[in-house]
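Descriptive structure summary
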Amino acid sequence: MAIFKERQYLRVHVDKEPDDSLWMKCKSCGELVFKRRVRENNNICPKCGDYFFLTAAERIASLVDEGSYEEISKPIASDDPLGFADSRAYTDRIEDAQSKTGMRDALIVGRASIGAIPIVIAVMDFRFVGGSMGSVMGEQICHGIETAIELERPFVLISSSGGARVQEGLFSLLQMAKTAAVRARLSDAGLPFISVMTYPTSGGVQASIASLGDLIIAERGAMIGFAGRRVIDQTIAEQELPQNFQTDAFALEHGQIDRVVKREDLRDELVLLLSYFVETVR
Amino acid sequence: MSDERTLDLLEAKIEELRQMNSQNGIDLSHEIRTLEKKLERLRRDLFENLSDWERVKTARHPKRPYALDYIGEIFTDFYELHGDRISGDDQALITGLARLEGRRIAVVAQQKGRSTAENKERLFGMPRPRGYRKARRVMCLADRFGIPIVTLIDTPGAYPGLESEEENIGGAIAESLRTMAELRVPTIAVVIGEGGSGGALAIGVADCVMMLENSIYTVISPEGAAAILWKDKDRVKEAAAALHLTAPHLLKLGLIDGVIPEPLGGAHKDFERTAAALKRELERHLSELTDQVTDERMAARYARYRSIGRFHAVE
């Protein structure tokens, strides 16, 4: 779940409530900026250069060759296997997220090309219950990997998730094993998997499929980690944590990722990176 | 209603009567039988309808048998192997070679400490990245030499904290998941106490997954769920019930293969009996799995994990 909010070093702002106004305020520099200019600029603040949150659809549009994307997500939605209700019923939460985002769950997957290289790309959307991984996300990731194997294409995953979806209990936890098992088949087929970690890549997603990339790229401003400050404080004693704890720089410094890439460079760097691997792909 | 203390008192009373019976030559056998029946009934009342939260407490009971207790009772020739060859040895996750009725096996298990001093070493059974890397090393070793693997799960979760994050705890868990999915040897995982989240699952991807009757297995602790979803850390009972984290629930949901019965009151009430039941199940499943052709066993494991999830078609 979304346990990594409210950290002052985070650069990416999540707008959960869409509105129709023409202007928006950048939470980093406080400047009022013209919304359309922000959108056209990859959701990067034109004044200070900090990032606004990207939806899955916006992310795909920012990366793939124009007109090349064809969605292949399975037409499925989550059951409520535990009949789960906390302050709200899980089914209500899902319906709410669906109507707010227009998505069936927190990930979409499709065929596309990037720099004319054919790929299968799967992208998480943090607006949908914190980008959490339940049965549907697990299934869609596996479907994407299987499609990549079938079409002999590289697989690219863009993560933005608080972790496993609590409301589906052990079903969610076991998606970690499911995606890891299916991911292994991609290697058997000799196909590369590039994992892109964005803000935030945490919990059960970071501890499974997102960390199993042949290559792992972090978008600048990403938050990467398994257990956040709150879990640490609750479980063991309060601990002095460095200012850059679980940032992109922290992950790079500790050897957990290959590169940190600016959002505006992400497409070009993915093309460059893929070009080293597609020769082995027919 | 009775609680565990009343039962203990009654038990002591019966023992007292028994001694009087044998020492003084007075025939109290009728009284003893009556009290024993009463004790049995009270015990049933208390434990047969354990709430999910009470099972959580049983799974975490300080007297509950830990991995090394079972290893000592069930296996012979346990030979512990240490170290991940990179950063150190983890006492919260132990590995080794052993024999089960003469048959070679590799053991991977989470181990809690009994005393404060021991828990300083074992971190209450919360493994660090080095623990999962050791587990992976030993599982790969077993795989190379065709040795079946038994894992015993008992952890509140992976150890959180700066050092764990620096050493990439998430990455270590992920690699372990993938490795276990690809193992060629038979694998059995048993939750013996707490199955806490990714830290438990990391050694829980297997051909056969079982749980002791009063163990729990969950995506998040009831405390964590209460804090995050109910915004009230005291609502752990509701959270425990909502998570469906008990062995009977998870069997019904089709997520585990079997529940190993415990004596009334929990495994610690009759350790030998619990260990014997566990041993029987391990032997039975190990025989079945070993009899299968490797490719078929691996295909079945793959199919098992590939099919996990509940969703419905839309539009």
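Calculation rules
Residues numbered from 1 in each chain as written. Chains lettered and ligands numbered in written order. Predicted model: local features only at pLDDT ≥ 70, side-chain atom pairs only at ≥ 80, totals over all residues. Helix = DSSP H or I, 4+ residues; strand = E, 2+ residues; numbered from the N terminus. Rg over C-alpha atoms; globule rule 2.2 N^0.38 Å. Contact = placed C-beta atoms within 7 Å. Buried ≥ 20, exposed ≤ 12 C-beta atoms within 10 Å, placed from the backbone. Pairing = 2+ DSSP bridges. Axes fitted to C-alpha atoms, helices over the stretch in contact; angles between N-to-C directions. Parallel < 35°, antiparallel > 145°, perpendicular 65-115°, else oblique. Left-handed = near helix turned anticlockwise from the far one by under 90°. Nonpolar A, V, L, I, M, F, W, Y, C, P; charged D, E, K, R; others polar. Domains from an automatic or database assignment. pLDDT = per-residue confidence, 0-100. Arc of directions from axis to C-beta. Expected span 1.5 Å × (residues − 1). Core = buried A, V, L, I, M, F, W, Y, C linked by C-beta atoms within 7 Å.

**Some thoughts on the overall build of chain A**
- Along chain A, the regular secondary structure elements total nine helices and eleven strands.
- Here the C-alpha atoms of chain A give a radius of gyration of 18 Å, agreeing with the 19 Å that 2.2 N^0.38 yields for 282 residues.
- Along the three orthogonal principal directions, the C-alpha set of chain A runs to about 50 × 45 × 40 Å.
- Of all intrachain contacts in chain A linking residues separated by at least 6 positions in sequence, the fraction that spans at least 24 positions is 71%.

**Let's talk about the overall build of chain B**
- Helices and strands together make up the secondary structure of chain B, namely 14 helices and nine strands.
- Over its C-alpha trace chain B gives a radius of gyration of 21 Å, about what one expects of a compact globule, namely 20 Å for 315 residues.
- A principal-axis box enclosing the C-alpha atoms of chain B has dimensions of 65 × 50 × 45 Å.
- By residue count, 47% of the 315 residues in chain B fall in the buried class.
- Sequence separation of 24 or more characterises 70% of the internal contacts of chain B that already satisfy a separation of 6 or more.

**A short note on the pairing of strand 5 (residues 187–196) of chain B**
Residue and element names in this part refer to chain B.
- Among the ten residues in strand 5, ten count as buried, and that is most of the element.
- Relative to strand 5, strand 4 (residues 149–155) runs parallel, the two sharing six bridges. Counted as the bridge partner of Thr155 is Gly195 from strand 5.
- As defined by bridge partners, strand 5 adjoins strand 6 (residues 208–212) across four bridges and the pair is classed as parallel. Residue pairing in the sheet places Val191 in a bridge with Met211 of strand 6.
- Both strand 5 and strand 7 (residues 216–218) contribute to a ladder of three bridges, which runs parallel. Bridge assignment links Gly196 to a residue of strand 7, and that residue is Thr218.

**Side note on the packing of helix 6 (residues 129–144) of chain B against helix 8 (residues 169–182) of chain B**
Residues and elements named next belong to chain B.
- Two numbers describe how helix 6 lies on helix 8: the axes approach to 8 Å, and their chain directions differ by 20°. As summarised for this structure, helix 6 and helix 8 are arranged roughly parallel, according to the angle between their axes. By crossing handedness, the relation of helix 6 to helix 8 is classed as left-handed. Only Ile169, Ala172, Ile173, Glu175, Ser176, Thr179 and Met180 of helix 8 make contact with helix 6, whose side of the interface consists of Pro129, Tyr132, Arg133, Ala135, Arg136, Met139 and Cys140.
- Tallied by class, residues from the contact of helix 6 with helix 8 come to nine nonpolar, two polar and three charged.

**Some thoughts on the domain arrangement of chain B**
- We note that the domain assignment places domain 1 (4–49) and domain 2 (54–306) within chain B.
- Distance between the C-alpha centres of domain 1 of chain B and domain 2 of chain B: 36 Å.

**Things to note about the confidence of the model for chain B**
- With 99% of its residues at a pLDDT of 70 or more, chain B has an overall mean of 94.
- Two numbers describe this predicted complex: its pTM, 0.90, and its ipTM, 0.90.

**Looking at unusual backbone geometry**
- Between Tyr199(A) and Pro200(A) the backbone carries a cis peptide bond, its omega angle lying at -20°.
- Looking at the element boundaries, Pro200(A) is found in strand 8 (residues 193–202).
- Positioned with a positive phi, Gln246(A) is a non-glycine residue whose angle comes to about 60°.
- By the element assignment, Gln246(A) lies in the loop between helix 7 (229–235) and helix 8 (248–253).
- For Asn168(B), which is not glycine, the phi dihedral falls at a positive 65°.
- Assignment of secondary structure puts Asn168(B) in the loop between helix 7 (162–166) and helix 8.
- The exposure class assigned to Asn168(B) is buried, which follows from the 25 C-beta atoms found within 10 Å.

**Regarding the interface of chain A and chain B**
- Taken residue by residue, the interface counts 53 residues in chain A and 45 residues in chain B.
- Among the secondary structure elements, those contributing two or more residues to the side of chain A that touches chain B are strand 4 (76–78), helix 4 (135–151), helix 5 (169–188), helix 6 (203–206) and helix 7 of chain A.
- With 15 residues, helix 5 of chain A is the largest single contributor of residues to the side of chain A that touches chain B.
- Of the residues in the side of chain A that touches chain B, the class split is 30 nonpolar, 17 polar and six charged.
- Here three bridges tie strand 4 of chain A to strand 9 (residues 311–313) of chain B, and the two strands are oriented antiparallel to one another. Within strand 9 of chain B, the residue paired with Ile76(A) across the bridge is Ala313(B).

**Quick notes on helix 2 (residues 56–63) of chain A**
Residues and elements named next belong to chain A.
- Within the sequence span of helix 2, burial applies to Ala56, Arg59, Ile60 and Leu63. Projected down its long axis, helix 2 carries its buried residues within an arc of 95°, all on one side.
- Elements in contact with the buried residues of helix 2: strand 5 (107–114), strand 6 (117–124), strand 7 (155–161) and helix 9 (263–275).

**Comments concerning helix 3 (residues 90–101) of chain A**
All names here are of chain A.
- With twelve residues, helix 3 extends 16 Å from end C-alpha to end C-alpha; this agrees with the ideal 16 Å at 1.5 Å per step.
- Turning to helix 3, the residues buried within the fold contact strand 4.
- Looking one or two residues past helix 3, Gly102 carries a phi angle of roughly 75°, positive in sign.

**Concerning the pairing of strand 1 (residues 76–81) of chain B**
Residues and elements named next belong to chain B.
- With zero of six residues buried, strand 1 is to be regarded as a mostly surface element.
- Pairing between strand 1 and strand 2 (residues 93–100): four bridges, direction antiparallel. Across the sheet, the residue bridging to Tyr79 is Leu97, located in strand 2.

**Things to note about the nonpolar core**
- Formed by 154 residues in total, the largest nonpolar core has its most connected members in Ile121(A), Ala177(A), Leu177(B) and Val190(B).
- Looking at this core element by element, the count peaks at ten residues for helix 5 of chain A.
- Beyond its immediate stretch of four places on either side in the chain, Val190(B) contacts Leu152(B), Ile153(B), Met210(B), Met211(B) and Leu278(B).
- Listed in part, the five residues of the second largest apolar core include Cys26(A), Ile44(A), Cys45(A) and Tyr51(A).

**Here's the deal with the environment of Ile32(B)**
All names here are of chain B.
- Along the chain, the position of Ile32 falls in helix 2 (residues 29–47).
- What makes Ile32 partly exposed here is the crowd of 18 C-beta atoms within 10 Å.
- Sequence separation between Ile32 and Tyr66 is 34 residues, and the spatial gap between their C-alpha atoms is 34 Å.
- Ignoring sequence-local partners within four residues, the contact set of Ile32 consists of Ile14, Leu17, Arg18 and Asn21.

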